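# Summary of the model geometry
Given next are the chains, with one letter for each unit.
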Amino acid sequence: MGGTEEKQPAGPGRPTSRDVARLAGVSHTAVSFVFNGRADGNLSPATQERIRRAATELGYRPDPVARGLRRRRTAVIGLVTDEIASSPFAGRLLRGAMETAWDSEHLVLTIDSGGDPAKEDAAVAELLDRRVDGIIYAAMSLRRVRVPEGLHRTHSVLANCLPEDDSLPAVIPAERAGGRTAARLLLDQGHRRVAMVGGQDDIASVDRLRGFRDALRAEGITVPKEWVVRSGGEIAGGYEGARRVLDGIPADRRPTGVFCYNDRVAAGALHAATRLGIGVPAELSVVGYDDQEHMAAFLTPPLTTIALPHRAMGEAATRLLLEAIDTGRTPPATVRRLACPVISRASVGPAPSR
């Protein structure tokens, strides 16, 4: 059959930039210009297009290792975290980081330390040996952390945690603002007798309660001490805490709204209300926190909650890191707080009229 002869790469295996140059009828330097971002001003648009068509036809992709060596970069960033395997929120933070990195032609190499400081130091050392362009250190619960040894030797950003020595930039949830938002959900529905259940003395608990009280104080409302129950972060604690503020108290004197430290606590509070014959939201409104996947939307009733911005934290920390890598400048050791959005479902309603 008398068609044109099909062109093949000159050598076996993976096609090279010289194969592309031969197929496109240009110099090897011209191919390098296109794939190193130096084509504009050196090559006509038509020549650039011819080179790209040839590369596509051959299935050619630039060698990222060689390109990284030329640019003194590897196009890989590290992510070290304390408990990816056990956290229900890890996937969101990871997806945010990986997709943001991918959009900038970077990959993310992830290491889970299990919360072991020695493993964290070793993980950072291994990433530095692999010459990653920068490192994100992420914690799965908001707290002050010891900065792993070696983290100051490269561009680094913290996510969902604060450095004990205030030496690195950090991206965290705006927890105090989230507490104010939770209070407004109840206030806007006419609730004036409100309680807070769950939590301990960690940063998130303290800031959420402060924000909650901020919003109530602005309306001239004070939460009685006995209606603030520090009962931990699990379902059992929510159940016991809710019973303490609801059981045996006449309907016209008990809280009509409860703000829970997290969604697990809220699940316990909903269970307590059911056991006590208190309707939600007809007699009691319940607000959770976290928007825990596979839980909050499936409670009875589905839970209105304040979402932690895990995906947004992964995105923001990665953008901050990539900016530092691109500019070569270490970002200032400031704290960026991200908004915690409301997820409205069915556990909040108007305050009962009595």
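From a predicted model like this one, the values you see are computed outputs, not experimental measurements.

## Observations concerning the pairing of strand E7 (residues 170-173)
Where strand E5 (residues 155-159) meets E7, two bridges bridge the pair, whose relative direction is parallel. Counted as the bridge partner of Ala159 is Val171 from E7. Sheet analysis places E7 next to strand E13 (residues 335-338), joined by four bridges and oriented parallel. Looking across to E13, one finds that Ala170 is bridged to Val335.

## What to know about the pattern of salt bridges
By the definition in use, this model includes 21 salt bridges. Across the salt bridge formed by Arg146 and Glu120, the nearest N and O atoms sit 3.8 Å from each other. In this pair, Arg146 is assigned in the loop between strand E4 (144-145) and E5 and Glu120 in helix H6 (residues 117-129), connecting sequence segments 26 residues apart. Using a relative accessible area of 5% as the deciding quantity, one classes Glu120 as buried. Put simply, Arg345 and Asp291 hold a salt bridge, and the shortest N to O gap is 2.9 Å. Taken together, the positions of Arg345 in the segment after strand E14 (342-343) and Asp291 in the loop between strand E11 (285-290) and strand E12 (304-307) put the pair 54 residues apart, joining distant regions of the chain.

## Description of the nonpolar core
In terms of nonpolar packing, the biggest core is built from 46 residues, with Phe212, Leu216, Leu284, Val286 and Val287 touching the most fellow members. When residues of this core are traced back to their parent elements, those giving at least two are helix H7 (175-187), strand E8 (194-197), helix H8 (203-218), strand E9 (228-229), helix H9 (235-246), strand E10 (257-260), helix H10 (263-275) and E11. Ranked by residue count, the leading element in this core is H10, at seven residues. Contacts of Phe212, omitting those with residues within four sequence positions, involve Gly179, Arg180, Ala183, Leu186, Val194, Ala195, Met196, Val223 and Phe259. Counting 21 residues, the second-largest nonpolar core is a separate cluster that includes Ala101, Val171, Ala316 and Ile325.

## Quick notes on the sheet that holds E12
Sheet architecture is open: six strands sit in the order E9-E8-E10-E11-E12-E14, paired in mixed fashion. A single partner strand is all that each edge strand has here, and the edge strands are E9 and E14. Examined bridge by bridge, E10 and E11 share three bridges and lie parallel to one another. Along E11, the bridge assignment pairs Phe259 with Val287. On the sheet, H10 packs against E8, E10, E11 and E12 and is oriented at approximately 155° with respect to E11.

## Observations regarding the confidence of the model for the protein
Regions with low pLDDT carry predicted coordinates that are not meant to be interpreted in detail. Looking at the protein, pLDDT values average 90 and 92% of them are 70 or higher. Here residues 1-11 scores under 50 on pLDDT; set against residues more than four positions off or in separate chains, the count is eight contacts.

## Here we look at unusual backbone geometry
Cis geometry marks the peptide bond from Val280 to Pro281, where omega comes out at 10°. In this fold, Pro281 is placed in the loop between H10 and E11. Residues Thr300 and Pro301 are joined by a peptide bond in cis, for which omega reads -5°. Relative to the elements of secondary structure, Pro301 occurs in the loop between E11 and E12. The phi dihedral of Ala75 falls on the positive side, at around 60°, and the residue is not glycine. As for its placement among the helices and strands, Ala75 is situated in the loop between helix H4 (64-71) and strand E1 (76-81). Phi is positive for Asn160, close to 65°, though the residue is something other than glycine. Note on placement: Asn160 falls in the loop between E5 and strand E6 (162-163).

About the criteria used
- Residues numbered from 1 in each chain as written.
- Predicted model: local features only at pLDDT ≥ 70, side-chain atom pairs only at ≥ 80, totals over all residues.
- Heavy atoms only, no water.
- Pairing = 2+ DSSP bridges.
- Helix = DSSP H or I, 4+ residues; strand = E, 2+ residues; numbered from the N terminus.
- Salt bridge = Lys/Arg side-chain N within 4 Å of Asp/Glu carboxyl O.
- Buried < 20%, exposed > 50% of the residue type's maximum accessible area, 1.4 Å probe, protein only.
- Core = buried A, V, L, I, M, F, W, Y, C linked by side-chain atoms within 4.5 Å.
- Contact = heavy atoms within 4.5 Å.
- Axes fitted to C-alpha atoms, helices over the stretch in contact; angles between N-to-C directions.
- pLDDT = per-residue confidence, 0-100.

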